[in-house]
Each structure stands twice: as C-alpha cells, then as structure tokens.
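Here is how the chains run, residue by residue.
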Amino acid sequence: MLHGWDGVLGLLCRYHNMGNLLKVLTCTDLEQEPNFFLDFENAQPTDGEREVWEQVDLVLKDARSILDELQAYKGAGQEIREAIQNPNDEALQEASWAAVVPLVGKLKKFYEFSLRLEAALHSLLGALTNETYDDPTQHLEREQALAKQFAEILHFTLRFDELKMTNPAIQNDFSYYRRTLSRMRINNTQAEGENEVNNELANRISLFYADATPMLKTLSDGTTKFVSENKNLPIENTTDCLSTMASVCKVMLETPEYRSRFTSEETVSFCLRVMVGVIILYDYVHPVGAFSKSSKIDMKGCIKVLRDQPPNSVEGLLNALRYTTKHLNDESTNKTIKSMLQQQ
C-alpha cells in the first residue's frame, strides 16, 4: 500500500497520455502485477475500442431498466395463496393466473437478458485478452472504456443477484405458473398467456432461477466457455486480466489519494462489487482458483478492504465470496483467509 502523496510520487512510473490513468509500479516488488488507477467514472472509448464498446453499450443501457424492474418486482403471493386456499373458486383461479402471467413475462425477459449479457462478456473478453498487446495489463491500461464496461457488467451481475436472493416471490411465482400450466394441459384447458413460455423454455428459465446467484453463474459459465472455445489463447490471458482488475480495485479503495478522485460515493460500492466479481470469475476459471498460494490475487488484502467498509454495506459481498466461489473450501486454502471470511 502506498502511504502519502510523496510515496505515490516516489513510485510513479508514468502518466497515461490521456491523463485518465495513473500507473504505479511497486518497484520494490517487481513480481507483483502493476497496479494502476482506472477511471471508472469518465473513461471514453478510443477509435479502436468503439465497435465493441457500442455493441456492449446497447446491453448495458438495458441493464439499468432490468435492475429497476427487478427492484420493483412484488410478486403475486396474495393472489396465489387465495387461489390455493380456494381451489374450487374459479374467479380466484382466474385472478391468480391473470396476476402471474405478466410477471412470468418479466422473468422471461430477465432470463433472455442473461443470454445477451453473456454474449457481451464474450465480446469484451475477446477484446481484452487478444494478442494486440503484450499482456492484459496493457489492455486494461489502453482500453479503459472496455475495462469500464467489463466492470459495469460485474456490478450489474452482483446487484441483480442481491435483489433476486432477497425476493422469494420470483421462484414462487414461476413454480405456480408451471404447476397451473401443467394442470391446464392435463384438463385440455386453454388459457390466455400459456404461450408466453413453452415447456422447453420454462425448463431453462426454471434452472436459471433455481441458482442462488443466476447472473453470476451465467458469467462464470460464460467465462469458462470463452476459455474453452479460444484454445489458441493462453488461459493466463484471461486469468491475468481478472487478477489485474482485482488489484486495480483494491488499490483504488485502500489508497486515500486514489479514493479521493471518485466524485461519487457510489463509485466505492461499484469498485467493491467489481473486485468481488472478478475474484469469483477468477476462482472459476483458474485451475486452482483464487485462494491458492499461486493465485495472483491478494485475497487477504481484498478481504481486508471489504472489512474496512461499513459492515451493512458489504455483508452481501462477503457472502458472495463465502458461498458462490468454487475453491474456498479446498484443503489448500490458507486458514487465515478462511478465518477472515468467517468473522462476523
């Protein structure tokens, strides 16, 4: 960690020519990945980034409305309870169906958005891990607008899953829809809205929402798929991109001079979510995960950064590390790291 502005100046290696990137090499420890300030608030695409940036921007614009709709999702709990308690009351059965069908339309929309998000992720990973530059650090340094979009996808993903986990109505509504539709088919009853989701799509949607963190699973599976489909690219291109992003977020959060550059307090929570998101992706894609000694992510440092925030603001992120990572409970995981995560 850098102490004081004099320390920053002492370790300053160079300014980015756009003035939006401060790159700092910890010159006493050259085997570490370089840490740099990434302007999540103001990065704009260069001509070379623009084509991919514009594709991904269309998806991210819709991401904001998806979160708004999910946050406002109330469910049809009351109508469903009344219908179940009064199985012979046709009016109540019709009322519950009428309440559930448009909600299932929303759940379908969220699921279909996850497929678009995965495609956007593949575009970004393709741009940030190709052989244009010598290493992923140069990619993140010179393609800041794409790095920012990658961060925005991670931020959306963790926010979506936080909202989903605290809303049991989502799975209840969809389960009721499927049960009712099945009963209607047995009785040869036609119902308005039954073509909203056919059986095959219903199975896929059901699997999506059955996962505690469906969007994170989409990204984890999508990143793993990207690596397997691009065998010409060394896996390190992808894992180093993820570990460097984690380092960037950690340094910006723990260094007062960097943190003071944020114009909004929301950028702090943005950075925290992105840091946790890339750790989880790294843990899924790297052969031995984020918690091993060979990991390029400073897990103790990242957990300490989380612990230094107000507890109520990061509990969901700590839980994401506790419960959605792949390798935390491996025998090779450092006991100190496990202990740091278990502390309440």
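Residues numbered from 1 in each chain as written. Predicted model: local features only at pLDDT ≥ 70, side-chain atom pairs only at ≥ 80, totals over all residues. Heavy atoms only, no water.

By the naming in an unreviewed UniProt entry, the protein goes by CYRIA/CYRIB Rac1 binding domain-containing protein and is assigned to Esox lucius. Looking at the protein in UniProt, the text filed under Subcellular location (unreviewed entry) is "Membrane". Listed under Sequence similarities (unreviewed entry) in UniProt, the entry text for the protein is "Belongs to the CYRI family." (UniProt positions renumbered as here; feature names shortened; annotations may be inferred.)

> Can you walk me through the pattern of salt bridges in this structure?
In a structure, side chains of opposite charge can pair up when their charged atoms sit close to one another. Within the structure shown, the criterion is met by 13 salt bridges. Taking the shortest distance from any N to any O, the salt bridge between R273 and E162 comes out at 2.9 Å. Separated by 111 residues along the polypeptide, R273 in helix α12 (residues 266–285) and E162 in helix α6 (residues 144–165) bring together distant segments of the chain. Between K296 and D240 there is a salt bridge, and its shortest N-O distance comes to 3.2 Å. One end of the pair, K296, is in the loop between α12 and α13 (299–307); the other, D240, is in helix α10 (residues 235–254), and 56 residues separate them in sequence. Look at K296 and you get partly exposed, because its relative accessible area is 41%. (Salt bridge = Lys/Arg side-chain N within 4 Å of Asp/Glu carboxyl O. Helix = DSSP H or I, 4+ residues; strand = E, 2+ residues; numbered from the N terminus. Buried < 20%, exposed > 50% of the residue type's maximum accessible area, 1.4 Å probe, protein only.)

> Sorry, what's going on with the packing of aromatic side chains here?
Two numbers describe a pair of aromatic rings. These are the distance of the centres and the angle of the planes. All chains considered together, the criterion is met by seven aromatic pairs. Measuring from ring centre to ring centre gives 5.2 Å for W97 and Y177, while their planes differ by 5 degrees; the resulting arrangement is stacked. Of this pair, W97 sits in helix α4 (residues 90–129) while Y177 sits in helix α7 (residues 169–186); the two residues are 80 residues apart in sequence, bridging distant segments of the chain. The class of Y177 is buried, set by a relative accessible area of 1%. Taking 5.3 Å as the distance between ring centres and 70 degrees as the angle between the ring planes, the aromatic pair formed by F113 and F156 counts as edge-to-face. One end of the pair, F113, is in helix α4; the other, F156, is in helix α6, and 43 residues separate them in sequence. The class for F113 is buried, based on a relative accessible area of 3%. Ring pairs connect the aromatic residues F110, F113, F156 and F160, which therefore count as one cluster. (Phe/Tyr/Trp six-rings, centres within 6.5 Å; stacked < 30°, edge-to-face > 60°.)

> Quick question: what am I supposed to make of α7 here?
One turn of an α-helix holds 3.6 residues; hence residues three or four places apart share an orientation. The end-to-end C-alpha distance of α7, which contains 18 residues, comes to 26 Å, matching closely the 26 Å that a straight helix rising 1.5 Å per residue would cover. The complete set of buried residues in α7 reads A169, I170, D173, F174, Y176, Y177, T180, L181 and M184. Considered in projection along α7, the buried side chains sweep an arc of 160 degrees and stay on one side of the axis. Residues of α7 that are buried make contact with α2 (50–71), α3 (77–85), α4, α6 and α8 (199–210). (Expected span 1.5 Å × (residues − 1). Arc of directions from axis to C-beta. Contact = heavy atoms within 4.5 Å.)

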